[in-house]
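Each chain, letter by letter, is given below.
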Amino acid sequence: MEIPFVDLSANYERIQAEVDNRMKKVVEDTAFIGGDSVETFEQRFADYLGVDHGVGVASGTDAIFLALKALGVGDGDEVATVSHTFVSTVDGIVNNGARPKFVDVDPDTYTMDPEDLEEKISEDTAAIMPVHLYGQAVDLDPIKSIADEHNIPILEDTCQGHGSTYRGEMLGTYGDIACYSFYPSKNLGAFGDGGFVATDDPELASAVRKLREYGESEKYQHEIVGYNSRLDAIQAAVLNGKLDHLDDWNSERRDAAAKYRDRLENTPLELPIEAEWGKHIYHLYVVRAESETQRDALQNYLESSGISTGIHYPIPVHQQPSYQELQCSFERLPVTEDIASKILSLPMYPEITDQQINAVCDAIKQFYISA
Ligand SMILES: *Cc1c(COP(=O)(O)O)cnc(C)c1O
């Protein structure tokens, strides 16, 4: 049986009529830039999250870049974040002229370790950027106490956490500003690129609105030097068609995760845990092998059985070639470096069937029997 890592076709089949109609409407109205579909989605997603302001932008990467700029992060500043993340979390810092200060992650949840954050705060820290990784919340309360003590704003990278919660609150509502991505394979994904900035602060929202649209306050009135980074109207139409299903799809992911746990419990693999503070929405289902050799062998074995897997992420940001060029030396990050060599992401999507989950788990057990 061929089992894909994600199955976007299976998802499209479920919502085809609804989404096609919404896209067709945008095309027939030739409302390609801004307009009803974008404004409706901005309002609906902000309401869903429970924030006052939502600004659609061109991607998650742009959301992070523009949100940091709106916070005033720039030359000489440091931003505390993690190295165990997708690289664009950190690119947004560097592209604003600031430097990343890398905080190690917790070995159980793989998210920012508040104790290490405390160590890494300095006079130059202009923002703290925790990443809600794999669909699970960072432990925000201790991070917030540190942020408040030093009067530093929090930017949540929520690109993997659509609909996930921290102590009952929707992710992206806790810090000062939050960034979402609608990359097609995210829990809420467009049919191309898209992103979103969420905040309760009207000034931050207005700054991002100007930045995303040529620095304009009104037509041909350019208050600041800006960019062109809007959420595309056709993508907004797709997202409007999908938003009502997000909670159901997240529940289906949680059901799939429960089945994986049940069937893999007696293998040598370390399975993902759900921290007591949040609801995991399993953007990724990430297991940990005993060693790099075992992980690579397991991945190859699954590949040869027709099962696609991934590694998120194989090289921490501070070890990426692009980051060696920067004029700053990075400290060792023992947990980050260790887990990068052992983690493996198994197939995970709302439509994954029992039969597919069984086939993945049987292949894993077979690997350990024959190893
Ligand atoms: C996907 C992702 C991004 C980037 O979003 P794009 O829409 O692909 O630009 C940033 N941070 C994290 C944690 C992500 O998963």
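Whatever comes next refers back to the structure up there.
Residues numbered from 1 in each chain as written. Predicted model: local features only at pLDDT ≥ 70, side-chain atom pairs only at ≥ 80, totals over all residues. Heavy atoms only, no water.

## Quick notes on the site of the ligand
The full set close to the ligand counts 16 residues, and Gly60, Thr61, Gln160, Ser181 and Lys186 are the nearest of them. Within the side chain of Asp157, a nitrogen or oxygen atom sits 2.9 Å from a nitrogen atom of the ligand. The separation between an oxygen atom of the ligand and a polar side-chain atom of Ser181 is 2.6 Å. Within the complex, 93% of the 380 Å² of free accessible area of the ligand lies under protein. Looking at the shell around the ligand, the elements with two or more residues in it are helix H3 (60-70) and helix H4 (88-94). The element that contributes the greatest number of residues to the shell around the ligand is H3, accounting for 3 residues. Residue composition of the shell around the ligand, grouped by class: 5 nonpolar, 9 polar and 2 charged. (Near = heavy atom within 4 Å. Polar contact = N/O pair within 3.5 Å; in protein donor to acceptor, adjacent residues only side chain to side chain. Areas by Shrake-Rupley, 256 points an atom, 1.4 Å probe, with all protein chains shown as cover. Helix = DSSP H or I, 4+ residues; strand = E, 2+ residues; numbered from the N terminus. Nonpolar A, V, L, I, M, F, W, Y, C, P; charged D, E, K, R; others polar.)

## Thoughts on the environment of Glu270
In this fold, Glu270 is placed in the loop between helix H9 (246-264) and strand E12 (278-279). Given a relative accessible area of 45%, Glu270 falls into the partly exposed group. Sequence separation between Glu270 and Lys342 is 72 residues, and the spatial gap between their C-alpha atoms is 9.8 Å. When neighbours within four sequence positions are excluded, Glu270 is seen to be in contact with Val287 and Arg288. (Buried < 20%, exposed > 50% of the residue type's maximum accessible area, 1.4 Å probe, protein only. Contact = heavy atoms within 4.5 Å.)

## Overview of the pattern of salt bridges
Throughout the structure, instances matching the rule amount to 24 salt bridges. A salt bridge links Lys210 to Glu223, with the nearest nitrogen and oxygen atoms 3.0 Å apart. With Lys210 in helix H7 (residues 202-212) and Glu223 in the loop between strand E11 (221-222) and helix H8 (233-243), the pair connects residues that are 13 residues apart, well separated along the chain. When salt bridges with common partners are traced through the structure, they connect Glu42, Arg209, Arg212, Glu213 and Arg230 into a single cluster. (Salt bridge = Lys/Arg side-chain N within 4 Å of Asp/Glu carboxyl O.)

## Concerning the sheet that holds strand E9 (residues 195-199)
The 4 strands are arranged E1-E9-E8-E5 in an open sheet whose pairing can be described as mixed. Unpaired on one side and paired on the other, strand E1 (53-57) and strand E5 (155-157) mark the two borders of the sheet. Strand-to-strand, the axes of this sheet are offset by a mean angle of 20°, without reference to chain direction. Bridge count between strand E8 (residues 177-181) and E9: 4 bridges; the pairing is antiparallel. Bridge pairing links Ala178 to Ala198 in E9. Set on the sheet, H7 makes contact with E1, E8 and E9; between it and E1 the angle comes to about 20°. (Pairing = 2+ DSSP bridges. Axes fitted to C-alpha atoms, helices over the stretch in contact; angles between N-to-C directions.)

## Quick word on the packing of aromatic side chains
Overall, the coordinates contain 18 aromatic pairs when judged by the stated rule. Here Phe45 and Tyr180 contribute two aromatic rings whose centre-to-centre distance is 5.2 Å and whose plane-to-plane angle is 80°, an arrangement assigned as edge-to-face. A residue pair is termed long-range when its members are at least 10 positions apart, and Phe45 in helix H2 (residues 35-49) and Tyr180 in strand E8 qualify at 135 residues. Judged by its relative accessible area of 0%, Tyr180 falls in the buried class. Ring geometry for Tyr301 against Phe367: centres 5.7 Å apart, planes inclined by 55°, an arrangement best described as tilted. Taken together, the residues Tyr301 in helix H10 (residues 292-304) and Phe367 in helix H13 (residues 354-370) connect sequence positions 66 residues apart. Given the relative accessible area of 6%, Phe367 is considered buried. (Phe/Tyr/Trp six-rings, centres within 6.5 Å; stacked < 30°, edge-to-face > 60°.)

## Regarding the side chain of Asn240
Looking at the secondary structure, you find Asn240 in helix H8. Asn240 sits in the buried class, given a relative accessible area of 2%. Engagement of the side chain of Asn240 in a polar contact is seen with the backbone oxygen of Ser37, the distance being 3.1 Å. Setting aside residues no more than four positions away along its own chain, Asn240 makes contact with Arg22, Ser37, Thr40, Phe41 and Arg44.

## What to know about the nonpolar core
Among the nonpolar cores identified, the biggest contains 50 residues, and Leu117, Tyr260, Tyr285, Leu346 and Ile364 are the most heavily contacted of them. Mapped onto this core, the elements with two or more residues apiece are strand E2 (78-82), helix H6 (140-150), H9, strand E13 (285-288), H10, strand E14 (343-346) and H13. Considering each element in turn, this core owes the most residues, 7 residues, to H13. (Core = buried A, V, L, I, M, F, W, Y, C linked by side-chain atoms within 4.5 Å.)

## What to know about the state of the cysteines
Taken as a whole, this structure holds 0 disulfides when the rule is applied. For the unlinked cysteine Cys179, the closest cysteine sulfur is that of Cys159, found at 6.5 Å. (Disulfide = S-S within 2.5 Å.)

## Focus: the packing of H9 against H13
At a minimum axis distance of 10 Å, the contact between H9 and H13 shows a crossing angle of 30°. With respect to H13, the axis of H9 lies roughly parallel. Relative to H13, the crossing made by H9 is right-handed. Mapping the contact onto sequence places Ala256, Lys259, Tyr260, Arg263 and Leu264 in H9 and Asp354, Ile357, Asn358, Val360, Cys361, Ile364 and Lys365 in H13. Of the residues that constitute the contact of H9 with H13, the class distribution is 7 nonpolar, 1 polar and 4 charged. (Parallel < 35°, antiparallel > 145°, perpendicular 65-115°, else oblique. Left-handed = near helix turned anticlockwise from the far one by under 90°.)

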